[in-house]
Amino acid sequence: MIGLARYLALLESAEKELSAALLAVAERHAREPEIWQTATFFARWSARHATRVKEFRKRFGPGTDKGSRKLGNALFQGVRRDGIGLVRDLHDLSTLAHFVHLGWDASLQAAKALRNRALVDAIGEMGAETDRQMAWLRTAIAAMAAQALAVPPELFSELVASRPKRPSSVPRRMIRESQLRRWIGLFSSVEGP
Amino acid sequence: MRDVVGSYPPERVEEITNVPQALLREAASILGNALRVVSSCLQGIYQSMQATAAAVQINNLHLIRGLIGKPGSTVFQMNGQPTAQNTRECGADGELVAFRNWNNERHVEELARLWNVEPAKIPHWGPPTHAMQIFRYVETGSIRLLWILATNPAVSLPELARVRSLLRKKGLFLVAQDAFLSETAALADVVLPAALWGEKTGTFTNADRTVHISLKAVDPPGDARSDLDILLDYARRMDFRDKDGAPFPSFTDARGAFESFRAATRGRPCDYTGISYEKLTGGSGIQWPCDERTGTSRERLYEEGIFPTGAEECALYGHDLETGATITEEEYRARDPGGRARIKAAHWQPPYEEPDSQFPLWLTTGRVVHHWHTRTKTGRVRALNDAAPEAFVQFAPEDASRLGILDGDLVEVESRRGKLRLPACIGDIAPGCAFIPFHYGDRAANELTVTGWDPVSKQPYFKYAAVRARKVKP
């Protein structure tokens, strides 16, 4: 067995971790339409990446790595209420996305050395999508940081405004996302193979 | 673009859009072969799912066929409101004056020099905060003073129950500046009465870049003053100063504001330096760009196929059309288009709310020809009001007969956010759809619409929501 198997396992679990975290953040900040729209959209990308990378991983043997799981557990701690809580959530999502990104970088080198054209192409496509996730996270943090960090909060309004949406106002796609979430496994309970 | 479009053969597009393949092929053949094409689009595109991506595809069609910058061929990406072109040029949309790029330090420095202020005084630490985000900050309490000028969010924004509760919120100091006591002004702590267009002097620019002067005809009634006078009074009372201690802004009237703006357009794509109040008053409108050296205006842009896309010149580095992520200066410079147009494509994404068994109809909102925006003015014109006195809901005959609804029946239309009772109007609409005009404050279509917006333009989604309808007793 070569080390690439372990790296692809790392990527598979990291993408599951990222996908679940994106959905968790989307649900927590469901009153921020742009956040839940794009975060649920990206969760599907990451779930797709996990499935795709698994196909390759199987060909290289039974690799395993618990790093992503441990990273996921270490992140998303503390109060994550509106404003600064959202910026912190986006910050942690960026950390996970960077982790995935470096996984693609390392695996791409190995795939090239192995002259595995199919894997090189697949990593190229998935890595480009990870770049776009990272670019969006950076954009969202840049757009929200000044208001969240430079303006004194008004705690009562923040509390009221971060209550979960009434179920009746949550569109159907959100519910579908919950099903997807169940399929992926609950947030940070994702085990490597 | 070839890769993206290649994955949407007519069969798949028919599946997504319900537009028959034969018609798609016919449209493609027209657009592919026509020698001249003029396209114009408006809110139907801008307030739909993937609005910016769709608007960009219209530009793409013209670009790849070279149907731009020549007689009979152009694109009109229209603005929904008469002064919306102005606000884009002068920076009132939150962007910087004369299409300057907030992300380009040299543009910010140039503007700071023109205004004689430190660059740090000019907000450019992030993208402009759009209206929907401002309302979210009101909701979370980090905005506690909101000053609304010449618009009526209590009728025009989506999900009105939410908007009303925000505007009524304890702890929010709300200022409304309008010519009439609109639904929004009625909720305000302070109302500043403002003059209408005939009661003040200023210029307007339309979507084909023609600048017109509008001279004051009558004095405003009562205590009403022009928006500019109110804002200048505020600036003086706040004692805003430039970096030499002189009052800021330096001008004191509309003509002075025009001169200040004119100086800021020098060398920019919207060069106004050859346009003056004298020239505008003497004849008809004048199109920009019109620079002071030649004094002549240009009827067409892009005749040579050169666009203001150079990294040093462009107003924005652009976005990922599917996610709204901004492109950084470094990324843009690495592939500097340097005057070439940029072709961008995006994959189809389904809307965030679609009809289902509970809410089986698509709601789309829009206008009637007799009214403008929330009827603040047109609702006070007898002829217009008589012609279109009240809101209605429009159904296709198939849907109406299934629901047992006849023309004129009272119907309850309900979404996940609210409900409305409206008279029905049958016909002239696609099956499966319901249309409600958004103008009417007493029974506003926006009670039903979704809070959500395009990731690039930030315009709300007014063109789709899922609703159900049933006949009710009057």
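Quick caveat: nothing in here was measured; it's all calculated off a predicted structure.

Draft legend 1. Examining the overall build of chain A more closely. Scanning chain A for helices and strands turns up seven helices and zero strands. Seen in sequence order, chain A has helices and strands lined up from the N terminus as α-α-α-α-α-α-α. The buried share of chain A, reckoned over its 193 residues, is 45%.

Draft legend 2. Quick look at the environment of G310 of chain B. Note that G310 of chain B resides in the loop between β8 (286-287) and α14 (329-334). Ignoring anything within four residues of it in the chain, the contact list for G310 of chain B reads D336, G338 and G339 of chain B.

Draft legend 3. Quick peek at the environment of T328 of chain B. Residue and element names in this part refer to chain B. Mapped onto the elements, T328 comes out in the loop between β8 and α14. Judged by the 14 C-beta atoms lying within 10 Å of it, T328 falls in the partly exposed class. As a C-alpha pair, T328 and I426 span 98 residues in sequence and 50 Å in three-dimensional space.

Draft legend 4. Geometry of the sheet that holds strand β7 (residues 210-214) of chain B. Residue and element names in this part refer to chain B. Spatially, the three strands line up as an open sheet ordered β6-β7-β8, and their pairing is antiparallel. With one partner strand each, in any of the chains shown, β6 (202-205) and β8 form the two edges of the open sheet. Bridge count between β6 and β7: four bridges; the pairing is antiparallel. Across the sheet, residue F204 finds its bridge partner in β7, namely H212.

Draft legend 5. Main features of the environment of M134 of chain A. Residue and element names in this part refer to chain A. By the element assignment, M134 lies in helix α5 (residues 117-150). Since 17 C-beta atoms lie within 10 Å of it, M134 is described here as partly exposed. Once the C-alpha coordinates of M134 and L11 are considered, the two residues, 123 residues apart in sequence, prove to be 16 Å apart. M134 has contacts with S94, A97, H98 and H101, leaving out every residue within four places of it along the chain.

Draft legend 6. Just the packing of helix α1 (residues 3-28) of chain A against helix α4 (residues 84-113) of chain A, in detail. Residues and elements named next belong to chain A. Close contact between α1 and α4 brings their axes to 9 Å; oriented N to C, the two are set at 160°. Comparing the axis directions of α1 and α4 gives the class roughly antiparallel. In this structure, α1 crosses over α4, and the sense of that crossing is left-handed.

Draft legend 7. Representation of the packing of helix α2 (residues 10-17) of chain B against helix α3 (residues 21-33) of chain B in the model. Residue and element names in this part refer to chain B. Direction vectors running N to C along α2 and α3 enclose 115°, while the axes themselves pass 9 Å from each other. Where α2 crosses over α3, the two elements pack in a sense that is right-handed. Between α2 and α3, the residues in contact are P10, E11, V13 and E14 and Q21, L24 and R25, respectively. Of the residues in the contact of α2 with α3, the class split is three nonpolar, one polar and three charged.

Draft legend 8. The interface of chain A and chain B, seen in detail. On the chain B side, the residues contacting the 26 residues of chain A number 26 residues. Elements with a contribution of two residues or more to the side of chain A that touches chain B: α2 (33-59), α5, α6 (155-161) and α7 (172-184) of chain A. The leading source of residues in the side of chain A that touches chain B is α5 of chain A, at eight residues. Of the residues belonging to the side of chain A that touches chain B, the class tally is 10 nonpolar, eight polar and eight charged.

Calculation notes
- Residues numbered from 1 in each chain as written.
- Chains lettered and ligands numbered in written order.
- Predicted model: local features only at pLDDT ≥ 70, side-chain atom pairs only at ≥ 80, totals over all residues.
- Helix = DSSP H or I, 4+ residues; strand = E, 2+ residues; numbered from the N terminus.
- Buried ≥ 20, exposed ≤ 12 C-beta atoms within 10 Å, placed from the backbone.
- Contact = placed C-beta atoms within 7 Å.
- Pairing = 2+ DSSP bridges.
- Axes fitted to C-alpha atoms, helices over the stretch in contact; angles between N-to-C directions.
- Parallel < 35°, antiparallel > 145°, perpendicular 65-115°, else oblique.
- Left-handed = near helix turned anticlockwise from the far one by under 90°.
- Nonpolar A, V, L, I, M, F, W, Y, C, P; charged D, E, K, R; others polar.

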